[in-house]
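Residue-level listing of the chains:
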Amino acid sequence: MDHHEITNRFALPLLSASAMALLSACGGGGGSAEPAPPEPRTVSIRFAGVAGTAPVSCAQPLAALGSGALQSELKDFRFYVSEVSLKRADGIFVPLAMSVDEWQHERGVALIDLEDDSGSCAGRGTAAMNASIRGTVPGGEYVGVRLTVGVPSAVNHSDTAASAAPLDVQAMAWSWQAGRKFAKIEIAPAGGVTRPANPGATPPTPETRSAIFNVHLGSTGCTGNPASGEIVSCAASNRLELEFDAFNVDTQQVLVDLQPLFLTANTGVDLGGAFGCMSGKTDPECAAIFAALGLDLASGQTVNGGRHQNVFRIGAR
Amino acid sequence: MGRSRHVWAAPGQAFRRLSVLLAAAALSGCGGGGTSVGDSGTAGDGGVVVPRFFPAPRLPEGESLAAERIELGRHLFYDKRLSGNGTQACGSCHHQDKAFTDGLPVAVGATGERHPRNAQALGNVVYNATLTWANPSLVTLEKQMETPLFGENPVEMGVNDRNRDEVLARIRGDARYPAMFAQVFPGGAEAIDWRNVIAAIASFQRSLIAGNSRYDRFLRGEAVLAPNEERGRLLFFGERAECFHCHGSFNFNDQVVHAASRVVETPFHNTGLYNIDGAGGFPEPNRGVFELTALPQDMGAFRAPSLRNVEVTGPYMHDGTIATLEDVLSFYAAGGRLITVGPHAGDGRTNPFKSDLIALIDLSPEEQADIVAFLKTLTDHEFLENPKHADPFLPWP
């Protein structure tokens, strides 16, 4: 359950932050000859959307995507990132102290927004974009990165309309699941998405169509506690936990590659559930999408520490 | 019993226990006395009065149920400017004279989009353990309200990132709202934000207490039931018709939370309305709790609604597919619904996930009519006409 996952992963930054405070507070005392703690270092972890080798934007058509190799257009491309740590050479993960602004929440949740409401995305999103996570880590060398695509349970179920940015973005709210969409990636394949007619039904059901193939990632099967008025657990976390052993924060960036995301998905056809995949366990289109993300659709857990996917990968800036 | 069931223990901490003025004042009171809750204290000068045989409602932290707050919420509830395109208010789908339903099979949103489900009644909604037809995750009115306000699929009131500031500006620019908000929330003009809009509407909803039907007066010894109504009452609460298993609480449902709740059960039930694939399937996107959990046993599982005011809340069922109370009774007597033609053809009576309380019942047409007659005694006409619950934007005599 989601519950355990937050205690383990979410407690870490808090703990380390207070440990850091203790360290610096005691830094000057005593007669030891230890060197002064290093100055904090400002870092910016950058993200970029790609389709294979081509950059992705609302301004130009995407490369052919999906098992049908359909020419597609971007419609939306936003996701939340939390639990960000950098890895020291000795293997220790050090939490990033995220700065707080309209893209970064005080509880360490950032919104990466790779659409600008223009071109093919017009009318769906917001003009402003954000392609980086900014914060500080203790000075030193870092060789890797760990992050979670998702919003921690502790803030996932907060009231969108009353939350601080970026948890106030209504388009990222998932009200009927009482949480947030962790990722909202939408494409329009040429010819649209067709749900075939069912000639076997009585009377036969006609063909239906949507312009958009949706990928909405978020926790599902959530249950509230009526006695306390709180959300206590979600059956499927669906948070994507990623760890990259080799990452140079100064020269490299995290690429989000739409080509592997849709690789085995037939984006021109929808066989049931929501159009595309909205994290439904019985939605036929979720099998391909979750497999690509390295998420186990049944349990909602990340497979093999995020090494089982190549939608998110490290590349040069 | 309900297939999908969760049991919760009350934490005791998160919600304050109400200071309840138990009506030993029953003798002095009008209408047989009651329990008055809310900071405004007593019956008659604001706050909310619940009947003596209702439990004290559970209120979230910060909920005062002050008269001014309820009054602000009433205005917002009925204000069409609160939708994206200014055409629809909460009250557009929740009409007081229909116990806050809308008389349609399924609701229609501000942009004309049809909702897959039937608009629900709001009487005594303060006691609901979960909200909407089938959603174990929605346990507060405040959280539930985000779906009609901001939901995209379907669009109901159509507030979104583009127009939400404009919608608030309409409220801020109104002649009466700034003063009304200032009376209730600290912070002056800044108090007109979505958190407080939602909080005030929730307060209005919590004030919608329906507990003075002829049946309630019968319980107080102030009214008698006609012979057919009394026969219906005995059938309703008896082991043959078994209606009371799911509709047996003071609120005639089976998901209740109140101030003294220690354990809250939230059962959901498949009543055999559909069986489109012979394997128990309900049509999308109306598969009940299954839509959220994907658990086989949750297929077709919906919350049993309160039957108070059921006379005026038709059409019935989550998708409004049963037109009259008489048809509802014959549906239950048959132990489910057989649909012979159309895309939803199938024998719901043999749905493998159907509640074991729904079986073929030997109920004569007269007995079914008696139960309907009893159900009509649950109508609280005072509630349906109470000016305190009415649309303030309409002229009121």
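Residues numbered from 1 in each chain as written. Chains lettered and ligands numbered in written order. Predicted model: local features only at pLDDT ≥ 70, side-chain atom pairs only at ≥ 80, totals over all residues.

## Focus on helix 4 (residues 177-184) of chain B
Residues and elements named next belong to chain B.
Inference 1: Residues of helix 4 that are buried: Y177, M180, F181 and V184. Down the axis, helix 4 shows its buried residues gathered within 95 degrees of arc, on one side only.
Inference 2: Tucked inside the fold, the buried residues of helix 4 contact helix 1 (67-77), helix 3 (164-172) and helix 5 (194-206). (Buried ≥ 20, exposed ≤ 12 C-beta atoms within 10 Å, placed from the backbone. Helix = DSSP H or I, 4+ residues; strand = E, 2+ residues; numbered from the N terminus. Arc of directions from axis to C-beta. Contact = placed C-beta atoms within 7 Å.)

## Things to note about the domain arrangement of chain B
Residue and element names in this part refer to chain B.
Inference 1: Considered domain by domain, chain B is made up of domain 1 (67-208) and domain 2 (225-381).
Inference 2: For domain 1 and domain 2, the distance between their C-alpha centroids amounts to 28 Å.
Inference 3: With 22 residues of domain 1 at the interface, the matching set in domain 2 holds 28 residues.
Inference 4: Looking at side-chain class alone, the side of domain 1 that touches domain 2 contains 11 nonpolar, 9 polar and 2 charged residues. (Domains from an automatic or database assignment. Nonpolar A, V, L, I, M, F, W, Y, C, P; charged D, E, K, R; others polar.)

## Regarding the nonpolar core
As a rule of thumb, soluble globular proteins bury nonpolar side chains together.
Inference 1: Among the nonpolar cores identified, the biggest contains 133 residues, and Y80, V81, A110 and I289 of chain A together with I198, A200 and I201 of chain B are the most heavily contacted of them.
Inference 2: Each of domain 1 (67-208) and domain 2 (225-381) of chain B gives at least three residues to this core.
Inference 3: When near neighbours in sequence (up to four residues on either side) are disregarded, A110 of chain A contacts Y80, V81, M98, W103, Q104 and I133 of chain A.
Inference 4: Listed in part, the 36 residues of the second largest apolar core include A134, Y215, L273 and L329 of chain B. (Core = buried A, V, L, I, M, F, W, Y, C linked by C-beta atoms within 7 Å.)

## Digging into helix 7 (residues 227-236) of chain B
Residue and element names in this part refer to chain B.
Inference 1: The set of residues buried in helix 7 consists of E229, G232, L235 and F236. The buried residues of helix 7 occupy an angular sector of 120 degrees when projected down its axis, which confines them to one face.
Inference 2: Here the buried face of helix 7 lies against helix 8 (244-247) and helix 11 (365-376).

## Focus: the environment of A36 of chain A
Inference 1: Mapping A36 of chain A onto the fold places it in the loop between helix 1 (2-26) and strand 1 (40-51).
Inference 2: Judged by C-beta crowding, with 8 C-beta atoms within 10 Å, A36 of chain A ranks as exposed.

## Looking at the pairing of strand 13 (residues 183-189) of chain A
Residues and elements named next belong to chain A.
Inference 1: The buried fraction of strand 13 amounts to 7 of the 7 residues, a majority that puts the element mostly inside the structure.
Inference 2: Here strand 13 shows two buried faces, one formed by A183, I185, I187 and P189 and the other by K184, E186 and A188.
Inference 3: Bridge count between strand 4 (residues 70-88) and strand 13: 7 bridges; the pairing is antiparallel. Opposite D76, over in strand 13, you have E186 as the bridge partner.
Inference 4: Sheet topology note: the strand 13/strand 16 (residues 213-217) ladder contains 5 bridges and is antiparallel. When the sheet's bridge partners are listed, I187 is paired in strand 16 with F213. (Pairing = 2+ DSSP bridges.)

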